[in-house]
Every structure is written in structure tokens, then in C-alpha cells.
Amino acid sequence: MAKIKVKTPLVELDGDEMTRIIWKEIKDRFIHPYLDIELDYYDLGVEYRDKTEDKVTVDSANAILKYGVGVKCATITPNQDRVVEYKLKKEWKSPNGTIRSILDGTVFRKPIIVNNIPSGVRSWQKPIVVGRHAFGDLYKDTELYIPEAGKVEIVFTTKDGKEKERVTINDFDGPGVVMGQFNLDKSIYSFAEACFNYAISEKINVWFATKDTISKKYHARFRAIFDEVSTKRAAELKAAGIEYWYYLIDDAVAQIVKNPGGMLWALMNYDGDVMSDMVASGFGSLGLMTSVLVSPDGKFEYEAAHGTVTRHYRQYQKGETTSTNSVASIFAWTGALAKRGELDGTPDVVAFAQKLEKAVIDTIEAGEMTKDLVLLTTTKGPKQLDTFQFMEAIQKRL
């Protein structure tokens with residue numbers, strides 16, 4: 001059978017640990033045998049990031065800006081223990097954070113619904129999409145350890161060097177810590193527009209949640225911009241038959257567990273990071289969660305919503321059998337391929353991506369699945385497969 005031609009190169013960002021092992025297996029089983037594709041490859045494994053002083057991460061983001069679509073494996077964001085383990089020069093920043101900053105993107109995470117994997121939250125019947133603002137806040141913060149008594153202030157100096165405002169953060173009477181973070185109106189507007197674009201295209205309501213009752217300037221600025229954009233686009237929302245709702249973050253969390261789902265939940269950067277994992281777990285497994293970063297000018301980066309599965313990698317290194325769920329990593333590839341095909345006007349590429357997704361779902365619904373799904377399934381007598389047997393079972397259905 002002739003391979004399907006992918007017209008434009010796809011940017012590939014390799015990763016770490018067990019997901020790196022799975023990544024190669026996906027390419028060997030599902031990509032190279034079926035597609036005539038040029039992959040613009042970047043090794044984002046933590047050791048190569050260290051070797052290049054993290055330049056490879058910047059280069060990969062710029063490649064996505066050039067070609068329009070990328071697919072990323074899960075990567076390590078090193079803490080001090082990882083610095084020692086991998087003999088790194090420093091604790092490099094999150095590659096996801098770097099890429100998000102360069103693309104000025106919004107992350108949308110959506111659960112993969114499988115009929116025999118019920119939601120852990122009884123009320124959830126339809127997907128809950130988490131829209132995560134992907135710029136600034138905690139992920140671009142500046143921190144200080146305060147070793148002794150003293151005053152810490154925020155000072156705003158204009159571009160021409162004039163001090164405009166000075167605000168005391170705290171008068172320390174002993175050691176402590178302080179953190180400064182920021183955001184930009186431009187990025188918040190892009191986030192709001194991206195969320196409304198997504199919701200209108202999917203015809204789902206928009207929820208936005210912050211804590212503006214406490215953060216009367218920082219969080220309140222986010223709310224004001226969302227309110228402004230929702231008013232500007234009211235006619236589009238009405239035409240799509242959807243609504244915009246603002247909630248305090250604690251109220252939103254209380255409401256979400258009682259709601260049947262079917263909305264886009266827009267959240268600030270840290271809240272989106274945390275709540276997307278909660279939603280993924282509520283729908284069954286972090287291995288059943290897609291993630292796409294969308295820039296304001298229509299660039300896309302697809303990845304799994306989970307990490308590098310370190311525990312399974314340790315088992316794999318010892319030669320032990322693992323049963324790692326590869327679904328989200330496979331769907332990162334299918335999402336990227338479908339978008340590449342859509343942008344290139346090559347429906348056969350889109351059809352292949354859809355066929356691969358169906359093969360994955362059919363495999364699980366036939367009762368062949370990894371250990372994490374066996375523990376959740378309603379299938380009687382499911383067959384637990386190891387990491388590689390599961391992908392072999394999918395390939396047989398292609």
C-alpha cells in the first residue's frame with residue numbers, strides 16, 4: 001500500500017523517560033509505515049536541553065511558528081534532585097512554559113471519552129474542556145529568599161527612568177520568601193479571544209473563574225478583559241446558542257463537580273495547570289486527556305496532558321514489564337496530523353488520523369487495555385496488556 005503524503009513538515013519535539021520510549025514506538029508502528037512525512041526533529045530530552053543551554057527549546061518553538069503545527073512528547077522540568085540525577089548545569093525552566101511564552105498560546109485540554117471507562121464524577125456526562133492561559137503568572141515569576149529583617153517593595157519606573165509608584169509588599173521582621181509575577185493586557189486579550197473562538201466553534205458555554213474579590217487589580221484585570229470581549233462578541237455567542245459565565249474560582253470548583261459538563265472552563269495559568277489534572281482524573285485517567293497549545297495567529301502544538309511516567313521508566317530500566325497508557329501520546333500525533341492535513345488541504349491525512357483514533361478507542365472498548373484502564377473499566381474480564389502489547393493491538397485494527 002502506498003504511503004499517504006504529508007505535504008508540509010511536521011515539527012517533532014522529543015521528550016524524556018517512559019514517554020520517550022513510547023514516542024519512538026508510536027513512530028515505528030503508526031507513523032513511518034503509513035505516512036510519507038518529513039519530521040523537523042528537536043530533542044527536548046533534559047540532557048540535550050542542558051547541552052544546548054536550552055537553546056533547542058527556543059529553536060523548536062520558532063520551528064512551530066515557521067511550519068504551523070508541532071507535536072511534543074512529555075518532558076522533565078528539573079528540580080534540584082533531577083539536576084543531581086542527570087548532572088545538569090542548572091534547574092532549567094519548563095520547556096512547556098518557554099514554548100507557551102514564545103507562541104503566546106492558550107492551552108486547551110479535553111478528555112478522551114471511551115464508553116467502557118466511566119467518569120469518576122457521577123454527574124459528568126459530557127467533556128469538560130479546560131482552557132489554560134499559557135503566559136506569565138507563576139511560570140514567569142521572580143523569587144527571593146529574604147534572609148533577615150527588612151522591607152520589600154514593588155517599584156514602577158517609567159521607560160524614561162521616572163519612578164511612578166512604590167508599594168510595600170511586606171516589612172519583614174525575620175527570614176521569609178517573596179515572589180513577583182506579571183501578565184500583559186495583550187496576552188490576556190489573546191487568551192480571551194482564543195477561548196471565545198474555541199467555544200463558538202464547538203458551541204459550548206464559557207466559564208471563566210478567578211479570585212477578583214481578593215486580587216482586586218491582578219485577577220480583576222483578567223475579569224474586566226473577559227467581560228469586555230464577551231460583550232463585544234455577544235452576537236456571536238447568541239448565534240451559537242451559548243453563554244458566558246463568570247465565577248469566583250472556589251465557586252466554580254464547587255459547581256463543576258455537580259455539573260453534567262459540556263463547557264469550556266477558562267482558567268489562569270496555575271489554576272489551569274491544576275484543574276486540568278483534576279478534570280482528567282475525574283474522567284478516568286491522565287492518559288485519556290488531549291492537550292493543544294493554540295497561538296493567536298493560528299499555530300498549534302499538540303501533546304499529552306501527563307508527565308514522563310517516571311515510575312514506569314524505572315521499571316523499564318530494570319527490565320521489568322510495564323503497562324503504560326499511551327493513548328494521550330497517540331492522540332497528540334493524531335491531533336497534529338489532522339490539523340496538518342486540514343491546513344494543507346489533504347483530507348487523506350485527516351482521514352488517517354481519524355482512523356488511528358478509532359483504532360485506539362475500538363481496542364479499549366473491545367476490552368484490551370493498559371493496567372490503569374483495567375482498574376476503571378466496566379468491561380467484564382478485560383485483558384490487561386503491557387505497554388507494547390497495547391500498541392500492537394491497536395496496530396492490528398488499522
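Draft legend 1. Seen up close, the overall build of the protein. Scanning the protein from N- to C-terminus turns up 15 helices and 18 strands. Here the C-alpha atoms of the protein give a radius of gyration of 22 Å, agreeing with the 21 Å that 2.2 N^0.38 yields for 398 residues. For the C-alpha atoms alone, the extent of the protein along its principal axes is close to 70 × 55 × 40 Å. A separation of at least 24 residues holds for 76% of the contacts in the protein among residues at least 6 apart in sequence. Working note: accessible area of the protein is about 18800 Å², and carbon and sulfur atoms make up 52% of it.

Draft legend 2. Expanded view of the sheet that holds strand β4 (residues 39–43). Taken together, the ten strands give an open sheet; going across it, the order is β4-β2-β5-β16-β15-β6-β7-β14-β12-β13, and neighbouring strands pair in mixed fashion. Pairing within the sheet leaves two strands with one partner each, and these edge strands are β4 and β13 (244–248). In this sheet, neighbouring strand axes are inclined to one another by 20 degrees on average, regardless of whether the strands run parallel or antiparallel. Summarising the sheet, strand β2 (residues 10–14) and strand β5 (residues 69–72) pair through three bridges and their orientation is parallel. Each residue of the ladder has a partner; that of V11, found in β5, is G70. Where helix α1 (residues 17–31) meets the sheet, it contacts β2, β4 and β5, and its direction lies at approximately 145 degrees from that of β2. Helix-sheet contacts for helix α5 (residues 95–103) involve β2, β5, β6 (106–111), β7 (129–133), β15 (289–294) and β16 (300–304), and the interaxial angle to β15 is about 40 degrees.

Draft legend 3. The packing of aromatic side chains, seen in detail. Per the counting criterion, the structure on display carries 16 aromatic pairs. For the pair W23 and W333, a centre-to-centre distance of 5.1 Å together with 45 degrees between the ring planes defines the contact as tilted. Of this pair, W23 sits in helix α1 while W333 sits in helix α12 (residues 327–344), placing them 310 residues apart in sequence. Both residues of the pair, W23 and W333, count as buried. On the numbers, 4.9 Å between centres and 25 degrees between planes, the contact of W124 with F283 is stacked.

Draft legend 4. Representation of the nonpolar core. Residues L10, F108, F226, L337 and I364 are the most contacted members of the largest nonpolar core, which totals 77 residues. Considering each element in turn, this core owes the most residues, nine residues, to helix α6 (residues 185–202). Residues contacting I364, with those up to four places away along its chain left out, are V114, N116, I117, V327, M369, L373 and F390. In this structure, A209, M275, F283 and M289 belong to the second largest nonpolar core, which totals 19 residues.

Draft legend 5. Structural context of the pairing of strand β10 (residues 163–172). Sheet analysis places strand β9 (residues 150–157) next to β10, joined by eight bridges and oriented antiparallel. Along β10, the bridge assignment pairs I154 with V167. Connecting β9 to the antiparallel partner β10 that follows it, the hairpin turn spans five residues, and G161 within it adopts a positive phi of roughly 90 degrees.

Draft legend 6. Main features of the packing of α1 against α12. At a closest axis distance of 10 Å, the pairing of α1 and α12 adopts a crossing angle of 50 degrees. By the criterion of interaxial angle, the relationship of α1 to α12 is oblique. Seen from above, α1 lies across α12 with right-handed handedness. Residues I22, W23, I26, K27, F30 and I31 of α1 pack against S329, I330, W333 and L337 of α12. Split by residue class, the contact of α1 with α12 holds eight nonpolar, one polar and one charged.

Draft legend 7. How the structure looks around helix α3 (residues 55–67). Relative to the 18 Å expected for 13 residues at 1.5 Å per residue, α3 spans 18 Å between its end C-alpha atoms, a close match to the ideal helical length. Within α3, burial applies to V56, T57, S60, A61, A63 and I64. Buried residues along α3 cover an arc of 155 degrees about the axis, so they all sit on one side. Among the exposed residues of α3, those oriented more than 90 degrees off its buried face are K55 and K66. Elements in contact with the buried residues of α3: β2, β4, α2 (46–51), β5, α5 and β16.

Each value, and the rule that gives it
Residues numbered from 1 in each chain as written. Predicted model: local features only at pLDDT ≥ 70, side-chain atom pairs only at ≥ 80, totals over all residues. Heavy atoms only, no water. Helix = DSSP H or I, 4+ residues; strand = E, 2+ residues; numbered from the N terminus. Rg over C-alpha atoms; globule rule 2.2 N^0.38 Å. Contact = heavy atoms within 4.5 Å. Areas by Shrake-Rupley, 256 points an atom, 1.4 Å probe, with all protein chains shown as cover. Pairing = 2+ DSSP bridges. Axes fitted to C-alpha atoms, helices over the stretch in contact; angles between N-to-C directions. Phe/Tyr/Trp six-rings, centres within 6.5 Å; stacked < 30°, edge-to-face > 60°. Buried < 20%, exposed > 50% of the residue type's maximum accessible area, 1.4 Å probe, protein only. Core = buried A, V, L, I, M, F, W, Y, C linked by side-chain atoms within 4.5 Å. Parallel < 35°, antiparallel > 145°, perpendicular 65-115°, else oblique. Left-handed = near helix turned anticlockwise from the far one by under 90°. Nonpolar A, V, L, I, M, F, W, Y, C, P; charged D, E, K, R; others polar. Expected span 1.5 Å × (residues − 1). Arc of directions from axis to C-beta.

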